[in-house]
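Examining the three-dimensional arrangement
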Amino acid sequence: MQDQPELPVESVPGQAQHETPQPEALEAPGESGEQPELELALFDEPEPAPDTHLVDLALILFDRTQPLHALDEESRHVLGEAARLQGMPVSLRRKKPLQAARKLAERYALMNDLSPEGLEVLAAVVAYHHDRLRRKDFDRLHLPPIRQREALTIAALLRIAVGLNSSDGHDTLIQRVELSHGKMWLVVDGPQAASDALQAKQGARLWEKIGYPEVEVVSLEEAEIQLMPFPKPYAEIGIEPEDSLAEAGRKVMRYHFAQMLRHEAGTRLGEDIEALHDMRVATRRMRAAFEVFGEAFESKILKPHLLGLRAIGRALGTVRDLDVFMEKAQLYLETLPEEQRHGLDPLLAVWQEQRQAGRAVMLAHMDSPEYQAFKHQFNIFLHSPGAGARFIPQGAPVPTQVRELAPMLIYERLAVVRAFDPLLANASIEQLHALRIEFKKLRYTVEYFSEVLGAKARLVIEDLKVLQDHLGDLNDAQVAADLLREFLDEWEPRQADLPIHERQNLEGVVNYLASRHAERHRLMVTFQSAWKRFMRPAFRRNLASAVSVL
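What you see is a predicted model, and the numbers here were worked out from it, not measured in a lab. (Residues numbered from 1 in each chain as written. Predicted model: local features only at pLDDT ≥ 70, side-chain atom pairs only at ≥ 80, totals over all residues. Heavy atoms only, no water.)

1. Focus: the overall build of the protein chain
Within the protein chain, the secondary structure is distributed over 20 helices and five strands. Split into buried and exposed, the 550 residues of the protein chain put 50% on the buried side. Put simply, 80% of the contacts in the protein chain that link residues at least 6 apart link residues at least 24 apart. As displayed, the protein chain offers around 26300 Å² of accessible surface, 52% of which is attributable to carbon and sulfur atoms. (Helix = DSSP H or I, 4+ residues; strand = E, 2+ residues; numbered from the N terminus. Buried < 20%, exposed > 50% of the residue type's maximum accessible area, 1.4 Å probe, protein only. Contact = heavy atoms within 4.5 Å. Areas by Shrake-Rupley, 256 points an atom, 1.4 Å probe, with all protein chains shown as cover.)

2. Digging into the confidence of the model for the protein chain
Mean pLDDT over the protein chain stands at 86; residues scoring 70 or higher make up 89%. Here residues 1-6 is modelled with pLDDT under 50, and outside its nearest four sequence neighbours on either side it reaches 17 contacts, counting other chains as well. (pLDDT = per-residue confidence, 0-100.)

3. Structural notes on the nonpolar core
Ranked by size, the top nonpolar core spans 74 residues in total, and within it F293 and F449 carry the most contacts. Beyond its immediate stretch of four places on either side in the chain, F293 contacts L245, A248, G249, V252, Y448 and F449. Within the second largest apolar cluster, 59 residues are counted, among which are V121, L133, V177 and V215. (Core = buried A, V, L, I, M, F, W, Y, C linked by side-chain atoms within 4.5 Å.)

4. Observations regarding the packing of helix α18 (residues 457-496) against helix α20 (residues 537-548)
Contact pair α18 / α20: the axes reach a minimum separation of 8 Å and the direction vectors enclose 135 degrees. The orientation of α18 relative to α20 falls into the category oblique. Crossing of α18 against α20: the hand is left-handed. Only F539, N542, L543 and A546 of α20 make contact with α18, whose side of the interface consists of A457, L459, V460, D463 and L464. Along the lines of polarity and charge, the residues of the contact of α18 with α20 split into seven nonpolar, one polar and one charged. (Axes fitted to C-alpha atoms, helices over the stretch in contact; angles between N-to-C directions. Parallel < 35°, antiparallel > 145°, perpendicular 65-115°, else oblique. Left-handed = near helix turned anticlockwise from the far one by under 90°. Nonpolar A, V, L, I, M, F, W, Y, C, P; charged D, E, K, R; others polar.)

5. So, the packing of aromatic side chains
Inspection of the entire model under this criterion finds 19 aromatic pairs. For the pair F534 and F539, a centre-to-centre distance of 4.8 Å together with 55 degrees between the ring planes defines the contact as tilted. On the accessibility criterion, F534 (3% relative accessible area) is buried. By relative accessible area, which is 2% here, F539 ends up buried. Linked through ring pairs, F230, F257, F290, F297, Y371, F374, F378 and F381 together constitute an aromatic cluster. Seen from the ring of F381, R250 lies directly overhead, with NZ or CZ sitting 4.8 Å from the centre. (Phe/Tyr/Trp six-rings, centres within 6.5 Å; stacked < 30°, edge-to-face > 60°. Lys NZ or Arg CZ within 6 Å of the ring centre and 35° of its normal.)

6. What about the pairing of strand β5 (residues 215-219)?
Counting buried positions along β5 gives four out of five residues, so the element sits mostly inside the fold. Pairing between strand β4 (residues 183-189) and β5: five bridges, direction parallel. Note that in β5 the partner of V188 across the bridge is S219. (Pairing = 2+ DSSP bridges.)

7. Observations concerning the side chain of R443
Tracing the backbone shows R443 in helix α17 (residues 429-448). Within polar-contact distance, the side chain of R443 engages the side chain of Q468 at 3.2 Å. Those residues in contact with R443, other than ones at most four positions away along the chain, are R285, I461, L464, K465 and Q468. (Polar contact = N/O pair within 3.5 Å; in protein donor to acceptor, adjacent residues only side chain to side chain.)

8. Examining the pattern of salt bridges
Enumeration over the complete set of coordinates arrives at 32 salt bridges. Between R147 and E117 there is a salt bridge; the shortest N-O distance is 2.8 Å. Of the two residues, R147 is situated in helix α6 (residues 145-163) and E117 in helix α5 (residues 116-129); the sequence distance between them amounts to 30 residues. Given the relative accessible area of 13%, R147 is considered buried. Of the residues examined, E117 reaches a relative accessible area of 34% and is grouped as partly exposed. (Salt bridge = Lys/Arg side-chain N within 4 Å of Asp/Glu carboxyl O.)

9. Concerning a positive patch on the surface
On the surface, a cluster of positive charge is made up of R284, R287, R310 and R314. For the positive patch, the secondary-structure elements that each account for two or more residues are α12 (273-293) and α13 (299-333). Along the chain, R314 falls in helix α13. (Patch = residues over 30% accessible without salt bridge, like charges linked within 9 Å, V, L, I, M, F, W, Y side chains within 5 Å. Lys, Arg positive; Asp, Glu negative; His and termini not counted. Charge placed at Lys NZ, Arg CZ, Asp CG, Glu CD.)

10. Thoughts on the sheet that holds β5
Hydrogen bonding along the main chain pairs the strands of a sheet, whether they run parallel or antiparallel. Judged by pairing direction, the sheet is mixed, and its three strands sit side by side in the order β3-β4-β5 without closing on themselves. What marks the edges here is a single partner per strand, and that holds for β3 (173-180) and β5. Adjacent strand axes in the sheet meet at a mean angle of 20 degrees, parallel and antiparallel pairs treated alike. On top of the sheet, helix α7 (residues 193-203) reaches β4 and β5; it is set at about 180 degrees to β5, its chief contact.

11. A short note on α7
Since the α-helix turns once every 3.6 residues, residues separated by three or four places project in the same direction. Along α7, the residues classified as buried are A193, D196, A197, A200 and G203. Looking down the long axis of α7, one finds its buried residues gathered within 120 degrees of arc, a one-sided arrangement. Facing away from the buried side of α7 by over 90 degrees, the exposed positions are A194 and L198. In this structure, the buried side of α7 is in contact with α6, β4, α8 (205-209) and β5. (Arc of directions from axis to C-beta.)

12. A look at the pairing of β4
Among the seven residues of β4, six are classified as buried, and the element is accordingly described as predominantly covered. Counting the residues that bridge the hairpin from β3 to β4 gives two residues, and of these H181 lies at a positive phi of roughly 55 degrees.

13. Here we look at the packing of α13 against helix α14 (residues 345-366)
How two helices pack is summed up by the angle between their axes together with the distance between the axes. One can describe the packing of α13 onto α14 by two numbers: an axis separation of 9 Å at closest approach and a directional angle of 155 degrees. One finds that α13 runs roughly antiparallel with respect to α14. Of the two possible hands of crossing, α13 and α14 adopt the one that is left-handed. Along the lines of polarity and charge, the residues of the contact of α13 with α14 split into 14 nonpolar, six polar and three charged.

14. With respect to a negative patch on the surface
A grouping of E271, D272, E274 and E327 is seen on the molecular surface, where their side chains present a negatively charged patch. Using a relative accessible area of 45% as the deciding quantity, one classes D272 as partly exposed.

15. A short note on the side chain of R285
With respect to the helices and strands, the residue R285 is situated in helix α12. Judged by its relative accessible area of 17%, R285 is buried. Excluding residues within four positions of it along the chain, R285 makes contact with H256, R443, Y444, E447 and Y448.

Pasting the structure below:
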């Protein structure tokens, strides 16, 4: 998913940090017994001047987060009054903190626009801010639940605002407030912005605990990295012969990352199975790129990104595999007479149920904080030239550029594929599956560098695709046969518990299993001719011509 809509933007100041509260229990209505003296006693001193910087900051936070909390104008006035009162001198002497907070409000606040419930909300916010209430005490107040949440939200905004000027410099500015990557970002600027940002992050814990998005407070400089927009699809990868291998790898991954994001919305919607297919292909090509370009990076830098790709790949894979099996089953049914086309109904019903369950798991993963964090961190990595690149000593005669390394990487992959040749006359299905994986890696490697290779690279890729598709169809037939056997094995015991007249005839499924075995046999028998075509001298000449331009 792309970034969420940006919240309105405005520059504002910030104010002082509040210490971590150590509150005492609120006396419940109707309870008796001695309680610690908690009332906020007021002094007969001149009214201190309110911190207008803090008030302004709190109100701007209210305005810019309004799409999240949806509070009204009276709530805004309560926050402004709470910000004015937060610095008033108080002393803890008697019970009933709400009464004391109410007296403080009555003495100093501009009460004209507050309803009685608004006054109660203000008293609760003031008492909470002075550590006299805990969050769990709010459900014991004489306020309906919606006003309790209002008070907690206002208290949370006040804590963030107070944190933003913990340096007492009154010069930290909020440049932006926006939603991005599943978080709320406060972009701040000023001489003390870095230290104030840390305190505001601490102050945001209440905001997060009551269900609002996690808050990140960052400087302008850091925001340029942290809030880097997700890439749009590129027309081409953009590799140059002079690129370092690390930066070429970064370009490849960024290209396919953009493709993955492009198809995310369609995958979520689920109306076109090709969107899921294309998104899954993009994740596979990025994972393959980690192998091709991995030596150019520090492994510990790549590892968390690879784990994220594997997780989304697994989530997509279950649904995509079932799409393929059901699509091929439909094609098989179209070859049958009309009266036999319901023979796979029991099988397709089970596969459809499994697909729905798989989609639920897939969507849950795509909505998870882990997936959002992966996209965010991977995006930063892909837009940070030099990040994670392995150290190369200056002056050392070490090949680092694409024109130096691409031929070697391609021919290394080709060598692994050709090493299967002695095994293929008697190859097992497992060996052919392993060869399919190596073919895919070889094809992807040639495609990654195709922009800097010669014109014959197109012919090379076409030959590789023919053999890869042949092995892919063979693998699909084998996996489908395994699933059909599993279905039949599980179906028989369930049928045994039914009355005889209710048991279903699975002749259609058995016949389909036989067709999958026949398809697997055909593909294994014809593989030798496909392999010979791949091994012909013309393929090697085309590859040599493509690589020679480097």
